[in-house]
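Below are the chains, spelled out letter by letter.
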Amino acid sequence: MWLHFLVPLILLTTWTVTCHVIDETAGKMADYSGYTLHRFQVDTTSNTMEKLESYDMELDQTTQTARLLIDIWAEPSKQNPHADVLVAPEFLQKFKSLLTTAELSTLKMIEGDIQSQINAERRAMIHNTVRRRRKRALRSWHDFDTNAYHSYDEMVEFMRLLSEQKPDMVEMVKVATSSEGRSIYGVKIHPPGISPPEKPSIIVDAGVHAREWIAPAVGLFMIKKIVSEYGKTGEVTANLQKFDWYIMPQVNPDGYEYSRTNDRLWRKTRSKNVTVNRWCVGADANRNWGYRWGEAGANRTPCSNIYMGSHPYSEPEIKGLKEFFTWQITNPMVYISLHSYGQLLLSPWGYTNERTENYQDQQNAAKEAALAIKNTTGVSYSYGTISEMMYPASGTSIDFMQHRGVPYIYGVELRPTDNPNSFAFNLPPSYIRATGDEMMAALNAIGTHAVKVKRL
């Protein structure tokens, strides 16, 4: 979640919530039984959020285990003053004591047992996996079901089939190799024929944070929709004629697979830490970019879920993305990084409150994107810079892209926010299509804006 990397609030490590180290080889799932999700309106005159940060977890140096106490899932913003906080059962009273009287008056529990939500999602995932396996093996990209959450291997197979069966439009590209040795792939989509290297491009990456499953699902949805509707839908056709698309639907495959098999709420990469607290694994992939690394909002604690890494580009996933973006894409015009949740379009800068030189143009494009989303599904997205909407943060991909000179850059927090159900990271797959349609509408609008302003 982009909101989560803005402020050092979430600290998760490789533990279960019963204080036992996970047996990774056995695929034992972390258990969040008894954990409850709460929402309250933050008192802007208080330092409640800072106090909650200091109670994130308990570390046991002797047993090398940790116990989660607080996990902030949604930060307050200028548009949405509420915070969503996951609380351990034994910490509930202490949590309430840290709130002001005004905050307590707005406090409500929105999920009574988060593990039950995880269990329901897992049952549905197993059912869908069995159903897909009963069908014949995937033989055509047309048959790939974008209304489901897939394993990373299934994502790669879809991209492989698409590039083989639509070679005139789709190229499968390798952008990096993960800590655990997985090849990280994406696709380049262009109109049939040869695409000139100087043609402007739209870049989309997703899956930076492992537990945000809706993000890679939307990336896959967009890939299939663009290829399927080119030549049939006016907006898609016009957009692809003006821009080549690079879509990397899952850039943190190690963390994603770990969230599927071991810990549903895992967020970071899976790199091995070789300094202090060596049992703590991974770094926040969106704090590891080199531009302004380690400045505002940086966290140097390896067990932190927003740990910035031991040095810039310490994570091979991010180093690979940086090299690919720098040397393989000649004329990037739009960059989007998909996250969840919050329904926000967040532009640079992240490391400072200062505005970019093209601030107004970026906000105008975001306004058009938000309007396109509203007209498509009726859902409301807010927009602004990270520092306007939230708080400063450094080492992010959008600041890197801004520094490189890409004109239109947004970290997008997808659904949910205004849904009456508190799905949070467990958004049912039935929402993938609508969320994907929203993003296609938004990117078509940003593309149209860029064509007009940049006279492409």
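Use the structure listed above.
The structure reproduced in this document is the subject of the present report. Because the structure is predicted, anything quoted here is derived from the model rather than measured.

## As for the overall build of the protein chain
And then number 1: Secondary structure assignment for the protein chain yields 14 helices and 14 strands.
And then number 2: Here the C-alpha atoms of the protein chain give a radius of gyration of 21 Å, agreeing with the 23 Å that 2.2 N^0.38 yields for 456 residues.
And then number 3: If you line up the protein chain on its principal axes, its C-alpha atoms span 60 × 50 × 40 Å.
And then number 4: Within the protein chain, buried positions represent 61% of all 456 residues.
And then number 5: Within the protein chain, contacts between residues separated by at least 24 positions form 76% of all contacts whose residues are at least 6 apart in sequence.
And then number 6: For the protein chain, the exposed surface amounts to about 17,400 Å²; the carbon and sulfur share of it is 50%.
And then number 7: The averaged location of the 50 negative side-chain charges in the protein chain is 4 Å from the averaged location of its 49 positive side-chain charges.

## Observations concerning the state of the cysteines
And then number 1: Scanning the model with the defined rule gives one disulfide in all.
And then number 2: The disulfide bridge from Cys-280 ends at Cys-303, spanning 1.8 Å between sulfur atoms. In this structure, the disulfide formed by Cys-280 and Cys-303 twists by about 60° around the S-S bond and is classed as right-handed. One end of the pair, Cys-280, is in the loop between α9 (253–261) and α10 (316–328); the other, Cys-303, is in the loop between α9 and α10, with 23 residues separating them in the sequence. For the pair formed by Cys-280 and Cys-303, the shared burial category is buried.

## Re the sheet that holds strand β7 (residues 170–177)
And then number 1: Spatially, eight strands are ordered β7-β8-β10-β9-β11-β14-β12-β13 in an open sheet, and the strand pairing comes out mixed. Two strands lie at the open edges of the sheet, namely β7 and β13 (382–385), each paired on one side alone. Going from strand to strand, the sheet's axes swing by 20° on average, the running direction of each strand aside.
And then number 2: Here seven bridges tie β7 to strand β8 (residues 183–189), and the two strands are oriented antiparallel to one another. Bridge pairing in β8 places Val-173 opposite Gly-186.

## So, the nonpolar core
For soluble globular proteins, the rule of thumb is that nonpolar side chains tend to be buried together.
And then number 1: Of all hydrophobic cores here, the largest spans 92 residues; its most connected members are Ile-189, Met-222, Trp-245, Phe-325, Leu-338 and Met-439.
And then number 2: Considering each element in turn, this core owes the most residues, 10 residues, to helix α7 (residues 214–229).
And then number 3: Among all residues touching Trp-245, those that are not within four sequence positions of it are Val-187, Lys-188, Ile-189, Ile-202, Val-204, Met-222, Ile-226, Asn-239, Leu-240, Met-440 and Leu-443.
And then number 4: Counting residues in hydrophobic clusters, the runner-up holds 31 residues, among them Ala-30, Ala-83, Leu-86 and Ile-114.

## Some thoughts on the environment of Lys-166
And then number 1: Mapped onto the elements, Lys-166 comes out in the loop between α6 (152–165) and β7.
And then number 2: Taking the relative accessible area as the measure of exposure, Lys-166 reaches 23% and is therefore partly exposed.
And then number 3: Linking Lys-166 and Ile-110, residues 56 residues apart in sequence, is a C-alpha distance of 46 Å.
And then number 4: When neighbours within four sequence positions are excluded, Lys-166 is seen to be in contact with Trp-141 and Val-227.

## Here we look at the environment of Phe-400
And then number 1: Relative to the helices and strands, Phe-400 resides in helix α13 (residues 397–404).
And then number 2: Here Phe-400 falls in the buried class, since its relative accessible area comes to 9%.
And then number 3: Considering only alpha carbons, one finds Phe-400 and Glu-171, 229 residues apart in sequence, at a separation of 25 Å.

## A look at helix α8 (residues 234–242)
And then number 1: Residues of α8 that are buried: Val-236, Thr-237, Asn-239 and Leu-240. Seen from one end, α8 has its buried residues packed into an arc of 165°, which puts them on one side. Set apart from the buried face of α8 by more than 90 degrees, the exposed residues are Gly-234 and Glu-235.

What counts, and where the lines are drawn
- Residues numbered from 1 in each chain as written.
- Predicted model: local features only at pLDDT ≥ 70, side-chain atom pairs only at ≥ 80, totals over all residues.
- Heavy atoms only, no water.
- Helix = DSSP H or I, 4+ residues; strand = E, 2+ residues; numbered from the N terminus.
- Rg over C-alpha atoms; globule rule 2.2 N^0.38 Å.
- Buried < 20%, exposed > 50% of the residue type's maximum accessible area, 1.4 Å probe, protein only.
- Contact = heavy atoms within 4.5 Å.
- Areas by Shrake-Rupley, 256 points an atom, 1.4 Å probe, with all protein chains shown as cover.
- Lys, Arg positive; Asp, Glu negative; His and termini not counted.
- Charge placed at Lys NZ, Arg CZ, Asp CG, Glu CD.
- Disulfide = S-S within 2.5 Å.
- Pairing = 2+ DSSP bridges.
- Axes fitted to C-alpha atoms, helices over the stretch in contact; angles between N-to-C directions.
- Core = buried A, V, L, I, M, F, W, Y, C linked by side-chain atoms within 4.5 Å.
- Arc of directions from axis to C-beta.

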